[in-house]
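Structural overview for review
The residues making up each chain are set out below.
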Amino acid sequence: MHQPWASLLVTGVKRAEGRTWYAVHRGRLWIAAAAQQPTPDEIQAAEDLYRRLYGENEVWFPSDYPVGCLLGCVDMIDCLPQDEYRQQFPDGESDSPFVFVVESPFELPVKFPVKGEHKIWKLPKDVHTAAKRACTSLQH
């Protein structure tokens with residue numbers, strides 16, 4: 001997932017992710033940042049969007065937007081076609097044909113280097129194990 005959107009998702013600023021394709025996946029979804037560094041203009045535009053949506057003083061933004069790494073996870077609770085998404089979330093942030101509705105964002109305290117793939121893909125076992133450990137240790 002491209003930055004700054006990936007970090008905004010795992011920090012809970014972004015609450016939905018738009019796609020052109022439907023996904024049957026539900027449950028934990030690990031979020032990896034693509035290798036491309038975002039420009040200052042891209043970061044500013046994304047942050048401005050969420051300031052408009054949620055209010056100037058209601059949003060905390062990440063201090064950095066790392067790339068080429070596993071950032072954290074969210075729980076994907078649904079994938080809705082745009083018309084259903086609009087019915088449930090009239091002021092929602094996505095105009096995409098399909099929208100992943102997510103909750104329970106979690107940012108990893110340590111970022112694991114990964115080379116991502118398109119769409120939803122399986123994490124390498126060693127990275128998955130380490131990331132799960134990081135989640136568990138912080139939640140106890």
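Throughout this document, residue positions are counted from 1 along each chain, in the order its sequence is written. Local features in a predicted model are, by the rule used here, given only for residues with pLDDT of at least 70; side-chain atom pairs are given and counted only at 80 or more, and totals for whole chains, interfaces and linings are based on all residues. As a rule here, side-chain values come from all non-hydrogen atoms in the structure, and water together with hydrogens is ignored.

1. Quick notes on the sheet that holds strand β4 (residues 98-113)
Within a sheet, neighbouring strands are paired by backbone hydrogen bonds and run either parallel or antiparallel to one another. Should DSSP find at least two bridges between two strands, the strands are regarded as paired. The way it works is that DSSP assigns letters per residue, a run of H or I at least four long becomes a helix, a run of E at least two long becomes a strand, and they are numbered from the N terminus. Taken in spatial order, the four strands make up an open sheet running β1-β4-β3-β2, and their pairing is antiparallel. The sheet is open, and its two borders are formed by β1 (16-19) and β2 (27-33), each paired with just one other strand. Along the sheet, successive strands turn relative to each other by an average axial angle of 45 degrees, direction set aside. Both β2 and strand β3 (residues 69-81) contribute to a ladder of seven bridges, which runs antiparallel. In this analysis, axes come from line fits to C-alpha atoms, helices being fitted only over the stretch in contact, and the angle between any two N-to-C directions falls in the range 0 to 180 degrees.

2. Some words on the pattern of salt bridges
Any Lys or Arg side-chain nitrogen found within 4 Å of a carboxyl oxygen on Asp or Glu counts as a salt bridge. Considering all chains together, one arrives at eight salt bridges under this definition. Across the pair aspartate 78 and arginine 26 runs a salt bridge whose closest N-O atoms are separated by 3.3 Å. Taken together, the positions of aspartate 78 in strand β3 and arginine 26 in the loop between β1 and β2 put the pair 52 residues apart, joining distant regions of the chain. Each residue's exposure class comes from its accessible area (1.4 Å probe, protein chains only) as a fraction of the maximum for that residue type: buried when under 20%, exposed when over 50%, partly exposed otherwise. Accessibility expressed as a relative area gives 32% for arginine 26, which makes it partly exposed. For the salt bridge of glutamate 47 with arginine 51, the shortest nitrogen-to-oxygen distance reads 3.7 Å.

3. A look at the nonpolar core
Put simply, buried Ala, Val, Leu, Ile, Met, Phe, Trp, Tyr and Cys residues joined by side-chain atoms within 4.5 Å make one nonpolar core. Within the largest apolar cluster, 15 residues are counted, with the highest numbers of intra-cluster contacts made by Leu29, Ile31, Leu71, Val74, Met76 and Phe100. Here, two residues are considered to be in contact whenever any of their heavy atoms come within 4.5 Å of each other. Those residues in contact with methionine 76 that lie beyond four places of it in its chain are Ala23, His25, Arg26, Gly27, Leu29, Phe100, Val101 and Val102. Listed in part, the 13 residues of the second largest apolar core include Leu70, Val114, Leu123 and Ala131.

4. A short note on the packing of aromatic side chains
Note on aromatic pairs: each is described by the distance of the centres and the angle between the planes. The aromatic pairing rule takes the rings of Phe, Tyr and Trp, using the six-membered ring of Trp, and pairs them if the centres are within 6.5 Å, calling planes under 30 degrees apart stacked, those over 60 edge-to-face and the rest tilted. Across all of its chains, the model carries five aromatic pairs by this definition. With centroids separated by 5.9 Å and ring planes inclined at 25 degrees, the aromatic side chains of tyrosine 50 and tyrosine 54 adopt a geometry described as stacked. Placement of both tyrosine 50 and tyrosine 54 in helix α2 (residues 40-54) is noted, with a separation of four residues, approximately one turn of the helix. On the accessibility criterion, tyrosine 54 (22% relative accessible area) is partly exposed. Whether a charge sits over a ring comes down to the Lys NZ or Arg CZ being within 6 Å of the ring centre and within 35 degrees of the ring normal. In this structure, arginine 15 packs its charged tip against the face of tyrosine 54, placed 3.9 Å from the ring centre.

5. What to know about unusual backbone geometry
Going from glutamine 3 to proline 4, the amide bond is cis rather than trans, its omega being 10 degrees. Relative to the assigned elements, proline 4 resides in the segment before α1 (5-10). One non-glycine residue, serine 104, lies in positive phi territory at about 55 degrees. Here serine 104 shows up in strand β4. The class of serine 104 is partly exposed, set by a relative accessible area of 42%.

6. Quick look at the environment of lysine 115
Mapping lysine 115 onto the fold places it in the loop between β4 and α4 (125-139). The exposure class of lysine 115 is exposed, given its relative accessible area of 75%.

7. Overview of α2
An expected span of 1.5 Å times one less than the residue number is assigned to each helix. For α2, which comprises 15 residues, the first-to-last C-alpha distance of 21 Å matches the rise-based estimate of 21 Å (1.5 Å per residue) to within 8%. Here α2 has its buried residues at Ile43, Ala46, Glu47 and Tyr50. Projected down its long axis, α2 carries its buried residues within an arc of 95 degrees, all on one side. The exposed set on the far side of α2, more than 90 degrees from its buried face, consists of Asp41 and Arg52. Buried residues along α2 sit in contact with α1. Just downstream of α2 lies glycine 55, where phi reads positive at about 105 degrees. Directions drawn from the helix axis to the C-beta atoms are what define this arc.

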